[in-house]
Amino acid sequence: MDRRQFLAGLGVAPVLETALAATDALDAADRRGLAPEDDARDESLWLTVAQAYAPDRSLLNLNNGGCSPTPTAALAALKRHLDFSNKAPPYAMWKELEPHKELVRQQLARIAGADPESIAIVRNTTEGLHVCECGFDLARGDEVVISSQDYPRMRWAFRQRERREGIVVREIALPVPSEDDEEIVRRYAAAITGKTKLILMCHVINLTGQILPVQRVVAMARERGIPVIVDGAHSFANLDFALPHLDCDYYATSLHKWLSAPVGSGMLFVKRERIEKLWPLHPSDAAIDSDIRKFEQLGTHPIATFLAIAEAAALHEAIGIGRKVARLRFLRDTWAKRVLATGRVTLRTSLLPDQSVGLATMAVDGIEAKALAEHLWTKLKILVAPIGHPEVQGIRVSAHVYTSLDDLDRFCSAIEQVAKHGLPG
């Protein structure tokens, strides 16, 4: 089945010609057979892809790592499912639409290279990881290892268990930036004691975009009988990998970032043999203790959000992860190398291909990150993420597949002005 047929099967073709134009352009790129790095520089191709989105072009969103706009096909599907749900909610949502979620589960599993029966559809990374962090039986004195650069909500979950149950949280620091995987593995290994029961780690650190050597840490920890919970908020649909390659037992991600699915959609992966012993965040019937769906017992919720994941995933698959990663790295290198040339910019992120992809964090010497971010937004309507972590200060920049070189020129020109003249008084 080609991409046009696939989109037509989702009910997209009759009303959303922009989505079809994007898939046609991608089909043509496939026929050319160029390397992903060559396609990454083809502005005509990416302009067509960008038309599958409808962001407000009067502002520039370079915080796609926080949340990206939803493609028009997915947005239309969301509205369509909501309208249908509203006709008779108990029937439309529960009898008609809810079973369709299984198709989305299969689609996500295909992208992840995973067993569909190990994929739960949740609302975001936080919910997925909290299932794992709160679902293990831990006793007073049991230890967990985390990093000071883990996302705050994930750190809070274990810190709350520390306060409430008396577990011990051992927190390590990581280099900024890092280009030495051996050092990362060594730091996690050094924190392990005879009481260590769990490790939490990022696949991609949200502060800097740093890729961590998850596979190697998982292998090291498994030798010691310690499971690793992986925060994949910024890796799914942003890195070229499959979950079996990581070999982790637990992984969660948000789909509203790099997959561009609607806000309120996420994915939790738990290996089938680990499901039964992991407690769900929301209680479920014992009859489904071994079923991945026990982690989806939210009560009444808008199924439309979950079903609209399908169209965003279709666009992602049409682009192809290799081509997408090449484009994201090309965009990152474009702006990063230009602002570095000012002589007043410091990168908090390695530009080596195996160390980062779509996110990078920079700082202008002598300029406070929050003030720079506020200037970019209030004066120029450029949205970035200010980072004020004790170990990382700067602004995080994350373009997406709809971002153009003209957009980056606008950003770079603004940084060049600040580097030369400082912030306006």
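Here the structure is a predicted model, which means the values were calculated and not measured. (Residues numbered from 1 in each chain as written. Predicted model: local features only at pLDDT ≥ 70, side-chain atom pairs only at ≥ 80, totals over all residues. Heavy atoms only, no water.)

Chemist: Talk me through the packing of aromatic side chains; I want residue IDs and the actual numbers.
Modeler: The tally for this structure, following the rule as stated, stands at four aromatic pairs. Consider the rings of phenylalanine 136 and tyrosine 250, whose centres lie 5.2 Å apart with planes at 70°: the pair is edge-to-face. With phenylalanine 136 in the loop between helix 8 (125-135) and strand 3 (143-147) and tyrosine 250 in strand 7 (residues 250-254), this residue pair connects regions lying 114 residues apart in the sequence. The exposure class assigned to phenylalanine 136 is buried, which follows from its relative accessible area of 16%. Their ring planes at 90° and their centres at 5.8 Å tell us that tryptophan 335 and phenylalanine 411 sit as a pair that is edge-to-face. Of this pair, tryptophan 335 sits in helix 16 (residues 321-340) while phenylalanine 411 sits in helix 18 (residues 405-421), and the two are 76 residues apart along the sequence. Seen from the ring of tryptophan 377, lysine 381 lies directly overhead, with NZ or CZ sitting 5.0 Å from the centre. (Phe/Tyr/Trp six-rings, centres within 6.5 Å; stacked < 30°, edge-to-face > 60°. Helix = DSSP H or I, 4+ residues; strand = E, 2+ residues; numbered from the N terminus. Buried < 20%, exposed > 50% of the residue type's maximum accessible area, 1.4 Å probe, protein only. Lys NZ or Arg CZ within 6 Å of the ring centre and 35° of its normal.)

Chemist: Account for helix 9 (residues 152-165), naming residues and giving values.
Modeler: For helix 9, spanning 14 residues, the distance from its first C-alpha to its last is 19 Å, which sits close to the expected 20 Å at 1.5 Å a residue. Within helix 9, the full set of buried residues consists of Met154, Ala157, Phe158 and Arg161. Projected down its long axis, helix 9 carries its buried residues within an arc of 80°, all on one side. Exposed residues lying more than 90 degrees from the buried face of helix 9 are Trp156 and Arg163. (Expected span 1.5 Å × (residues − 1). Arc of directions from axis to C-beta.)

Chemist: I'd like to hear about the sheet that holds strand 5 (residues 196-202), residue by residue, with values.
Modeler: Read across the open sheet, the seven strands follow the order 2-8-7-6-5-3-4; overall the sheet is mixed. A single partner strand is all that each edge strand has here, and the edge strands are strand 2 (119-122) and strand 4 (168-172). Taken over all neighbouring pairs, the strand axes of this sheet differ in orientation by 20° on average, direction set aside. For strand 3 and strand 4, the ladder comprises five bridges, and the chain directions are parallel. Looking at the pairing, glutamate 143 lines up with valine 168 of strand 4. (Pairing = 2+ DSSP bridges. Axes fitted to C-alpha atoms, helices over the stretch in contact; angles between N-to-C directions.)

Chemist: A description of the nonpolar core should follow, citing residues and the corresponding values.
Modeler: Among the nonpolar cores identified, the biggest contains 63 residues, and Leu108, Tyr188, Phe236, Tyr251 and Leu259 are the most heavily contacted of them. Contacts of leucine 108, omitting those with residues within four sequence positions, involve Ile119, Ile121, Phe236, Leu255, Leu259, Met267 and Ile309. One finds Val339, Leu372, Val384 and Ala399 within the second-largest nonpolar core, a separate group that totals 30 residues. (Core = buried A, V, L, I, M, F, W, Y, C linked by side-chain atoms within 4.5 Å. Contact = heavy atoms within 4.5 Å.)

Chemist: Just give me the short version of the pairing of strand 12 (residues 385-389), but keep the residues and values in it.
Modeler: Burial along strand 12 is one-sided: the face carrying Ala385, Ile387 and His389 is buried and the face carrying Pro386 and Gly388 is not. Across five bridges, strand 12 lies against strand 13 (residues 392-398) in antiparallel orientation. Residue pairing across strands places isoleucine 387 opposite glycine 394, the latter belonging to strand 13.

Chemist: Give a detailed account of the packing of helix 15 (residues 309-319) against helix 16, specifying residues and quantitative values.
Modeler: Between helix 15 and helix 16, the least distance of the axes is 6 Å, while the angle of their chain directions is 85°. As summarised for this structure, helix 15 and helix 16 are arranged roughly perpendicular, according to the angle between their axes. Mapping the contact onto sequence places His316, Ala318 and Ile319 in helix 15 and Ile321, Arg323 and Lys324 in helix 16. (Parallel < 35°, antiparallel > 145°, perpendicular 65-115°, else oblique.)

Chemist: Can you tell me about the pattern of salt bridges, naming the residues and giving the values?
Modeler: Applying the stated criterion across every chain, the model contains 31 salt bridges. One salt bridge connects arginine 327 with glutamate 43, and the closest N-O pair in it is separated by 2.6 Å. Highlighted residues: arginine 327 in helix 16 and glutamate 43 in helix 4 (residues 43-50), separated in sequence by 284 residues. Under the relative-accessibility criterion, glutamate 43 is labelled partly exposed at 26%. Across the pair arginine 222 and aspartate 247 runs a salt bridge whose closest N-O atoms are separated by 2.5 Å. Residue arginine 222 is located in helix 11 (residues 214-223), and its partner aspartate 247 is located in the loop between helix 12 (243-246) and strand 7; the two are separated by 25 residues in the primary sequence. Among the ionic contacts, a cluster of salt bridges with common partners joins Glu98, Lys101, Glu102, Arg105, Glu117, Asp291, Arg293 and Glu296. (Salt bridge = Lys/Arg side-chain N within 4 Å of Asp/Glu carboxyl O.)

Chemist: Report on the pairing of strand 3, specifying residues and quantitative values.
Modeler: Counting buried positions along strand 3 gives five out of five residues, so the element sits mostly inside the fold. On strand 3, burial covers both faces: Glu143, Val145 and Ser147 on one face and Val144 and Ile146 on the other are all buried. Crossover connection from strand 3 via helix 9 to parallel strand 4: handedness right-handed. Note that strand 3 and strand 5 share three bridges and pair parallel. (Right-handed = clockwise from strand over helix to strand, strands pointing away.)

Chemist: Quick one: what's the story with the sheet that holds strand 12, residue by residue and with numbers?
Modeler: Taking strand neighbours across the sheet as the criterion, the four strands line up as 9-10-13-12 in an open arrangement whose pairing is antiparallel. Two strands in the sheet have a free side with no partner beyond their single neighbour: strand 9 (345-347) and strand 12. Going across the sheet, the axis of each strand differs from the next one's by a mean of 35°, ignoring polarity. Pairing analysis gives four bridges linking strand 10 (residues 359-364) to strand 13, with the strands arranged antiparallel.

Chemist: Which residues make up the confidence of the model for the chain, and what are the values?
Modeler: In low-pLDDT segments, the atomic positions of the prediction should not be examined closely. Summing up the model confidence of the chain, the mean pLDDT is 93 and the portion of residues at 70 or higher is 95%. Scored below 50 in pLDDT, residues 9-16 makes 15 contacts in the model with residues more than four places away or belonging to other chains. (pLDDT = per-residue confidence, 0-100.)

Chemist: I'd like to hear about unusual backbone geometry, residue by residue, with values.
Modeler: Of note, the bond from valine 176 into proline 177 is cis; its omega dihedral lies within 30 degrees of zero at -15°. With respect to the element layout, proline 177 can be found in the loop between strand 4 and helix 10 (181-191). A positive phi angle is found at alanine 237, which is not glycine, with a value near 70°. In this structure, alanine 237 sits in the loop between strand 6 (228-231) and helix 12. For alanine 237, a relative accessible area of 4% puts it in the buried group. The phi angle at serine 260 is positive, at roughly 70°, despite the residue not being glycine. Here serine 260 shows up in the loop between strand 7 and strand 8 (266-270). The exposure class assigned to serine 260 is buried, which follows from its relative accessible area of 0%.

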